Amino acid sequence: MSKFYEQFLKREFVTGMIFDVDGTLLDSMPVWAHSGERYLATLGVHAPASLGKTLFSLTMQQGAQYIKKTYGLSQTAEEIRAGIIRTVLEAYRKETGFKPSALDFLNTLRAAAIPMIVVTSNDKPLVEAAFERLGIRSYFKDILTCGDFGSGKDQPDIFYAAAERINSQVSGTWVAEDGLYAICTAKKAGFRTIGIADASSRDDEADIRHLSDYFLFDYADDV
């Protein structure tokens, strides 16, 4: 058996790669899980570790309103939302690191001149902050965000646009993702997929494993 990142290009037809970021390239989901706690800590307010679970199913605006009401803050919901983003941005700038062996995979693709692009639900400044620190911004042709594009990963449009941006035919373009709904969209649209295990998507792991062409806990997993 050999490591995935060593064998992938030998085994598969690959004309391009589309990467998700959070939970796929970067081990950043814990930052988001504790973003409310971190923000409140900057105000001298202690919050339980369970706050992340409460906020997980809420939008940023809903979460900000929940925090304001629950902790009796004088800040507006918009100020709270902006404060949380600043807290997360600081983490991306200083501490967020790679998923296991992700850099090895990226370096293998880059050495083979495989064009790469990012499709993310995250904000572009956060992604760029981490990528610049980690030295991989130049690896990617572009960073497409759902917010800027106007379409989420529940629709194939952003994936098609990403493949076109790197001049890669759909049948040879691979999508690396940790989110079940995004993998479903990509598969239905004709892309090949690499499912990445992450704690945030553990409940969907069986379905992700079933749908993906490969399922990895580590880009160095034996294949």
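Given the structure is predicted, the values throughout are model-derived calculations rather than measurements.

S.K.: How should I be thinking about helix H10 (residues 157–165) in this particular structure?
M.R.: Since the α-helix advances by 3.6 residues per turn, residues separated by three or four positions end up pointing in the same direction. Along H10, the residues that are buried comprise Ile158, Phe159, Ala162 and Ala163. Within H10, the buried residues cover an arc of 140 degrees as seen down the axis, which keeps them to one side. Its buried side turned inward, H10 meets strand S1 (16–19), strand S2 (116–120), strand S3 (143–145), helix H9 (146–149), strand S4 (173–177) and helix H11 (180–188). Looking one or two places after H10, you find Asn167, whose phi comes out positive at around 55 degrees.

S.K.: Explain the packing of helix H5 (residues 60–71) against helix H6 (residues 77–94) to me, please; I cannot follow it from the model alone.
M.R.: Angle between the axes and distance between the axes: these two values describe a pair of packed helices. Running from N to C, H5 and H6 cross one another at 110 degrees; their axes reach a closest spacing of 8 Å. One finds that H5 runs roughly perpendicular with respect to H6. Contacts between H5 and H6 involve Met60, Gln61, Ala64, Gln65, Ile67 and Lys68 from the first element and Ala77, Glu78, Ile80, Arg81, Ile84 and Ile85 from the second.

S.K.: I'm lost on the pattern of salt bridges in this one. Help?
M.R.: One side chain can pair with another of opposite charge once the charged atoms of both are near each other. All chains considered together, the criterion is met by 13 salt bridges. Among the salt bridges present, the one from Lys124 reaches Asp142, with a minimum N-O distance of 3.8 Å. Here Lys124 is found in helix H8 (residues 124–134), whereas its partner Asp142 is found in the loop between H8 and S3, with 18 residues between them in sequence. What makes Lys124 partly exposed here is its relative accessible area of 25%. Residue Asp142 is classed as buried on the basis of its relative accessible area, which comes to 16%. Arg165 is the salt-bridge partner of Asp142, the closest N and O atoms lying 3.3 Å from each other. Of this pair, Asp142 sits in the loop between H8 and S3 while Arg165 sits in helix H10, and the two are 23 residues apart along the sequence. Because the salt bridges share partners, they merge into one network encompassing Glu12, Lys187, Arg192 and Asp213.

S.K.: Teacher, can you tell me more about the state of the cysteines here?
M.R.: Should the sulfur atoms of two cysteines be covalently bonded, the bond is a disulfide. Within the structure shown, the criterion is met by zero disulfides. Cys184 supplies the cysteine sulfur nearest to Cys146, a cysteine that is in no disulfide, at a spacing of 15 Å.

S.K.: Mind showing me how you'd approach the packing of aromatic side chains here?
M.R.: Two measures describe an aromatic ring pair: the distance that separates the ring centres and the angle between the ring planes. One pass over the full model with this rule turns up 14 aromatic pairs. Here the aromatic rings of Phe131 and Phe140 are separated by 5.1 Å at their centres, their planes lie at 20 degrees, and the arrangement is stacked. For the residue pair Phe131 and Phe140, the accessibility class agrees, reading buried in each case. Relative to Phe217, the ring of Phe215 has its centre 5.3 Å away and its plane inclined at 85 degrees; by these criteria the two rings are edge-to-face. According to the relative accessible area criterion, Phe215 is buried, its value standing at 14%.

S.K.: How should helix H1 (residues 4–11) be read in this particular structure?
M.R.: Looking at H1, one finds that the buried residues are Phe4, Tyr5, Gln7 and Phe8. Each buried residue of H1 lies within a common arc of 165 degrees when the element is viewed along its axis, so the set occupies one face. Elements that come into contact with the buried residues of H1 comprise S1, helix H7 (102–111), S4, strand S5 (192–196) and strand S6 (214–216).

S.K.: Looking at this model, I keep getting lost on the sheet that holds S1. Mind explaining?
M.R.: Within a sheet, neighbouring strands are paired by backbone hydrogen bonds and run either parallel or antiparallel to one another. What the six strands build is an open sheet, ordered S3-S2-S1-S4-S5-S6; its pairing is parallel. This sheet does not close on itself; its edge strands, each paired only once, are S3 and S6. Strand after strand, the sheet turns through a mean of 20 degrees between neighbouring axes, direction not considered. Of the strands in this sheet, S1, S4, S5 and S6 touch H1, which is tilted by about 170 degrees from S6. Sheet strands touched by H10: S1, S2, S3 and S4. Its angle to S2, the strand with the most contacts, is close to 160 degrees.

Scoring rules and cut-offs
Residues numbered from 1 in each chain as written. Predicted model: local features only at pLDDT ≥ 70, side-chain atom pairs only at ≥ 80, totals over all residues. Heavy atoms only, no water. Buried < 20%, exposed > 50% of the residue type's maximum accessible area, 1.4 Å probe, protein only. Helix = DSSP H or I, 4+ residues; strand = E, 2+ residues; numbered from the N terminus. Arc of directions from axis to C-beta. Contact = heavy atoms within 4.5 Å. Axes fitted to C-alpha atoms, helices over the stretch in contact; angles between N-to-C directions. Parallel < 35°, antiparallel > 145°, perpendicular 65-115°, else oblique. Salt bridge = Lys/Arg side-chain N within 4 Å of Asp/Glu carboxyl O. Disulfide = S-S within 2.5 Å. Phe/Tyr/Trp six-rings, centres within 6.5 Å; stacked < 30°, edge-to-face > 60°. Pairing = 2+ DSSP bridges.

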